[in-house]
Amino acid sequence: MAQRMRRATRGRVAALATVGLMLAAGFVTGAAPVQAADADLIVNGGFEDGLASWFVNNGNAADGAQLSATSDAFSGATAALVTSRTTTGSGPMQDLSGKVQAGQAYTLTARIKYENPNGPATKQFFATMHYGGGTYTNLVSVTATKGQWAQFNGTFTIPSGQVVSTARLFFETPWTATPATDPDLHLMDFTLDDVSVVGAAPPAPASKTIEVVGKLPGEHNPLIGHKFGADGFGFVHDGRVYMYLTNDTQGYAPNPATGVSPGINYGDINQITVISSPDLVNWTDHGEIQVAGPNGVAPFTTNSWAPGITKKVVNGQEKFFLYYANGGGSSNVITGASPLGPWTSERTSTLINGSTPGAEDVAWKFDPAPFVDDDGQPYLYFGGGPASTSMPPAERFNNPKNIRAIELDDSMVATQGTAAVVDAPVAFEAGHVFKREGRYYFSYSSHFGGNDFGGSQQPLPGYPGGGQIGYLISDNPMSWPKETYAGVLFPNQSQFFGAGTGGNNHQSVFEFEGKYYFTYHAPTLNKRINGNTTQGYRSPHIQELAFNPDGTIQQVVGTYAGVNQVRDFDPYRVFEAETFGWSKGVATTKVDGSSAQFGGAAPNLVVRDIDNGDWTALSSVNFGANGAQRVTAKVRALAAGGQIQVRLDTATGPVVGTVPVDTPVGQWAEVTAELEGVSGVHDVYFTYTGPAGVDLFELDTWSFRAATLELPVTVTASARCVGGKVYVAVQARNDSDAPVGITVQSPYGERSFAAVAPGANAYQSFNTRAVSVPAGSATVRVTGAIGGQDVTTVRTVQHPAGTCGG
Ligand SMILES: [Ca+2]
Ligand SMILES: [Ca+2]
Ligand SMILES: [Ca+2]
């Protein structure tokens, strides 16, 4: 074939043999079998949205051109004009990665025109796919006549063995090594319009579900095993701990074949993940806040890293202020009506940036951490990155003076005054402040050294090594000279979690019910997925923080065991199914409507990707001495035949109830099951079964109902004639092992007995004053206590008709 060609840097396979024949025979679109699922994979193929989704092929360093919109269109108002082409491959390109599939056939059409007065009378053009590296394939060809619109119209089939993870379509002229020797022949401008590639619809996005058990039963770190999250900031409100996390899951894209995701790209992250817990072990997933980006709460920001939150009453209203890093260049804040939103932006520009007084020399104006003092004065700590090059070389490594403290004004969304230097030794990022017993603690992450810091790279004695969490103690939240340095409170996490878990860290400290806790991250879930070869996806951890008598901090040891559960879990209420102590194989997704448990404007999530064999579990659920009677779930069946087994203590523990998910497919409904033998404190496993290979159902909420408490009593009633009148007699025997009060009530009177002993009877014979009464009923009310809880049991008893003589 004339089109088969080889290049020094790129190999090509021509797929044109059939195309030429088809064109010659006058084949038109539709020659390939049309399937219902066919779709046009090209976005903005008619250029009516200008150049959106198009760019110039940049597969080789030498490629280059100018792409512009032109009104010289084949159809509509606009086409694309490519000029200043530097190579034959320099032409309009669109990325079809993830859309085209190996083994599939596609029909490609497009209109193309060139008008170079010095050019040839006719010219061949190619539509070509770049599969990455040096792999290029010419897909469809057309020979155009100068000054006239020509039409690409042909089919191509991607070889079944072709790797299509990179697939970028572009338009070009036939290759030659030295096109500049005759630019009129090889590098002419051309115009493109009405591009389409029609074929099988793109495959569904690859699953992000984490299939391994990422948080092992019995362990409390990482906090969650079904998604990632970094830079955790712990925040206590109304008896719960909230963790705000950089959404590391956003760029996670495991290859369906290998299960391995490309390395994390922080530039993809513009959401903040929120989880919360009443006990530090069972965490509710509140989903993601779309903070930045075009659809974000603050669309004038691009990224949302390293959140920090606080609350303050402003103008009589309690508000929540969530600060975050907009990449390295600035920091910003959004405002919440609750810890779970809804969120709004009170600002239309970033909060901390190059014009913030005192921050001019800070390389990275990021990692904002708020702190509100006891007197209500708010502060913000931020900054990091390499030391200013204006610093003396001797100081740049050890005292880079790259972190700042600044006051916020009462609005919480504006600074006041000038930022002060936090002279934290070997500082890099992640400043955070808390207060304990009248003193302020500033903690931060140290840098790993390197060229950016210049000067002497020798740490001073006692200064932190690379990637450690150091801290300072001061009497003044705005004054942090280097003399306030107090040591390392957490070494690098790789010291505890081993190979693959190194890298930077980011910490916070919070106080919850009398104890202090330290939050940090480590790629431990990533390690459970991929072994020691991690891709940088981080997970939140918590350890307890202990202090020495002089107020210094005892160095924290990172463990998978984590912290103790603060309290047992209360099952007797409606609670979100997206609450896990541990889980296997499930994912969550946000749905319309607010949370049944958290109400108001709190978002609601459901558990999805529930397959046969998946499970979720709750740690230390307290069913009480009398236990649970039944469990109810709000579910949406996705297939027939699904079931939920309720098990105690392990995923293979005894089944204490089976909930059939037999409700109509596709509809939300409640399903329930009676429980047997569920009392006391247990871990509870919900194990999911049903047909293999399909998603079984989605889960919104759970609720347990306590067994009804009853005082045991045996009640009898009779009627007899005494002295010409009928008497109705009612007897109630106390069958419990403690005294009870008994009240007997009939239409003929009422009598109460106090402290009826175990086994004793309360007996009352009521004179009806009648010679004949019909059958009727009497009521026995028993009052007592079970397990310290006041209980009343009411029984109704039938008495027969009675008559005297007759
Ligand atoms: Ca057009
Ligand atoms: Ca699953
Ligand atoms: Ca839910």
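Note that the structure is a prediction, hence the values are computed from the model and not measured. (Residues numbered from 1 in each chain as written. Chains lettered and ligands numbered in written order. Predicted model: local features only at pLDDT ≥ 70, side-chain atom pairs only at ≥ 80, totals over all residues. Heavy atoms only, no water.)

## Regarding the overall build of the protein chain
- Within the protein chain, the regular secondary structure consists of 5 helices and 52 strands.
- A compact globule built from 806 residues should have a C-alpha radius of gyration of about 28 Å, whereas the protein chain, at 36 Å, is more than 25% larger.
- C-alpha atoms of the protein chain, sized along the principal axes, occupy 135 × 80 × 50 Å.
- For the protein chain, the proportion of its 806 residues judged to be buried stands at 53%.
- The long-range share in the protein chain, meaning contacts at least 24 apart out of those at least 6 apart in sequence, stands at 66%.
- A distance of 4 Å separates the average location of the 49 positive side-chain charges in the protein chain from that of its 67 negative side-chain charges. (Helix = DSSP H or I, 4+ residues; strand = E, 2+ residues; numbered from the N terminus. Rg over C-alpha atoms; globule rule 2.2 N^0.38 Å. Buried < 20%, exposed > 50% of the residue type's maximum accessible area, 1.4 Å probe, protein only. Contact = heavy atoms within 4.5 Å. Lys, Arg positive; Asp, Glu negative; His and termini not counted. Charge placed at Lys NZ, Arg CZ, Asp CG, Glu CD.)

## Focus: the coordination of the calcium ion (ligand 3)
- Taken together, the protein donors to the calcium ion (ligand 3) comprise Glu-576 (OE), Glu-578 (OE), Glu-578 (OE), Asn-604 (OD1), Leu-605 (O), Asp-700 (O) and Asp-700 (OD), at separations of 2.1 to 2.6 Å.
- Expressed as a motif, the donor residue spacing for the calcium ion (ligand 3) is E-x1-E-x25-N-L-x94-D. Remark: Asp-700 occurs in strand β43 (residues 697-706) and Leu-605 occurs in strand β36 (residues 603-608); sequence separation between them is 95 residues. For the pair Leu-605 and Asp-700, a shared accessibility class is recorded, and that class is buried. (Donors = N, O, S within 2.8 Å, 3.2 Å for Na, K, Ca; no water.)

## Concerning the side chain of Ser-304
- Checked against the element boundaries, Ser-304 lands in the loop between β16 (283-290) and β17 (305-314).
- Using a relative accessible area of 0% as the deciding quantity, one classes Ser-304 as buried.
- In this structure Ser-304 touches Thr-246, Ile-269, Asn-270, Gln-271, Ile-272, Val-291, Tyr-324 and Ala-325, once residues within four positions along its chain are discounted.

## Thoughts on the nonpolar core
- If you look at the biggest cluster of nonpolar residues, it comprises 37 residues, and the most contacted ones within it are Phe-152, Leu-169 and Phe-171.
- Of all elements in the fold, only β5 (79-83), β7 (105-113), β8 (122-130), β9 (135-145), β10 (150-157), β11 (168-172) and β12 (190-200) reach the threshold of two or more residues within this core.
- Excluding anything up to four places from it in sequence, Leu-169 contacts Ile-42, Pro-92, Met-93, Gln-94, Leu-96, Leu-108, Ala-127, Thr-128, Met-129, Leu-139, Val-195 and Val-197.
- If you look at the next biggest cluster of nonpolar residues, it comprises 33 residues, including Phe-569, Phe-575, Val-656 and Val-678. (Core = buried A, V, L, I, M, F, W, Y, C linked by side-chain atoms within 4.5 Å.)

## As for the state of the cysteines
- The final tally for this structure, using the stated rule, is 1 disulfide.
- Disulfide pairing is shown between Cys-721 and Cys-804; the S-S distance is 1.9 Å. Between Cys-721 and Cys-804 the sulfur-sulfur dihedral comes to about 110°; the bridge is accordingly right-handed. In this pair, Cys-721 is assigned in strand β44 (residues 713-722) and Cys-804 in the segment after β52 (802-803), connecting sequence segments 83 residues apart. (Disulfide = S-S within 2.5 Å.)

## What about the pairing of β16?
- Burial within β16 is extensive, with 6 of its 8 residues counted as buried.
- Adjacent in sequence and paired antiparallel, strand β15 (residues 271-277) and β16 are bridged by 5 residues, among which Leu-280 carries a positive phi angle near 75°.
- Taken together, the 2 bridges between β16 and strand β33 (residues 579-580) define a ladder with antiparallel strand orientation. Each bridged residue has a counterpart across the sheet, and for Thr-284 the counterpart in β33 is Thr-579. (Pairing = 2+ DSSP bridges.)

## Observations concerning the confidence of the model for the protein chain
- Confidence along the protein chain averages 93 in pLDDT terms, with 95% of residues attaining 70 or more.
- Across residues 1-36, where pLDDT falls below 50, the model places 63 contacts with residues more than four positions away in sequence or in other chains. (pLDDT = per-residue confidence, 0-100.)

## Points about the pairing of strand β50 (residues 776-786)
- Burial along β50 is one-sided: Gly-776, Ala-778, Val-780, Val-782, Gly-784 and Ile-786 are buried, while Ser-777, Thr-779, Arg-781, Thr-783 and Ala-785, pointing the other way, are not.
- Judged from the 5 bridges that link them, strand β46 (residues 740-746) and β50 form a sheet pairing that is antiparallel. Residue pairing for β50: Thr-743 is matched across the bridge by Arg-781.
- Note that β50 and strand β51 (residues 789-799) share 11 bridges and pair antiparallel. From the neighbouring strand, Arg-781 faces β51, where its bridge partner is Val-794.
- Here β50 hands over to β51 after 2 residues, with Gly-787 in that stretch at a positive phi of 60°.

## So, the sheet that holds strand β28 (residues 485-490)
- If you trace the 4 strands from one edge of the open sheet to the other, you get β25-β26-β27-β28, paired in antiparallel fashion. In the strand order of this sheet, the two ends are held by β25 (427-436) and β28, each with one partner. Pairwise comparison of adjacent strand axes, ignoring direction, gives a mean angle of 25° for this sheet.
- Pairing of strand β27 (residues 469-474) with β28 involves 4 bridges; the strand directions are antiparallel. What sits directly across from Gly-470, in β28, is Val-488. (Axes fitted to C-alpha atoms, helices over the stretch in contact; angles between N-to-C directions.)

## Describing the sheet that holds β16
- On the basis of which strands lie adjacent, the open sheet formed by 5 strands has the order β13-β14-β15-β16-β33 and antiparallel pairing. This sheet does not close on itself; its edge strands, each paired only once, are β13 (230-237) and β33.
- Both β13 and strand β14 (residues 240-246) contribute to a ladder of 6 bridges, which runs antiparallel. Within β14, the residue paired with Val-236 across the bridge is Val-241.

## A look at unusual backbone geometry
- The linkage connecting Asn-221 with the following residue, Pro-222, adopts the cis geometry, with an omega of -10°.
- Mapped onto the elements, Pro-222 comes out in the loop between β12 and β13.
- Backbone geometry places Lys-401, a non-glycine residue, at a positive phi of 50°.
- Relative to the elements of secondary structure, Lys-401 occurs in the loop between α3 (393-396) and β23 (403-408).
- You can call Lys-401 partly exposed: its relative accessible area is 25%.
- Residues other than glycine seldom take positive phi values, yet Ala-755 does so here, at roughly 45°.
- Mapping Ala-755 onto the fold places it in strand β47 (residues 749-756).

## Comments concerning the environment of Trp-175
- Position of Trp-175 among the secondary structure elements: in the loop between β11 and α2 (183-186).
- The sequence separation of Trp-175 and His-186 amounts to 11 residues, and the corresponding C-alpha distance is 8.2 Å.

## Let's talk about the packing of aromatic side chains
- Scanning the model with the defined rule gives 44 aromatic pairs in all.
- Geometrically, the ring pair formed by Tyr-114 and Phe-125 is tilted, given 5.9 Å between the ring centres and 50° between the ring planes. Linking Tyr-114 in the loop between β7 and β8 with Phe-125 in strand β8, this pair joins segments that are 11 residues apart in sequence. The two residues Tyr-114 and Phe-125 agree in class, both being buried.
- Ring geometry for Phe-235 against Phe-320: centres 6.1 Å apart, planes inclined by 85°, an arrangement best described as edge-to-face. Residue Phe-235 is found in strand β13, and its partner Phe-320 is found in strand β18 (residues 317-326); the two are separated by 85 residues along the sequence. Accessibility classification places Phe-235 together with Phe-320 in one group, the buried group.
- Counting every residue linked through ring pairs, the aromatic cluster contains Phe-490, Phe-496, Phe-497, Phe-518, Tyr-520 and Tyr-560.
- The positively charged end of Arg-436 is found above the aromatic ring belonging to Phe-547, 3.9 Å away from the centroid. (Phe/Tyr/Trp six-rings, centres within 6.5 Å; stacked < 30°, edge-to-face > 60°. Lys NZ or Arg CZ within 6 Å of the ring centre and 35° of its normal.)

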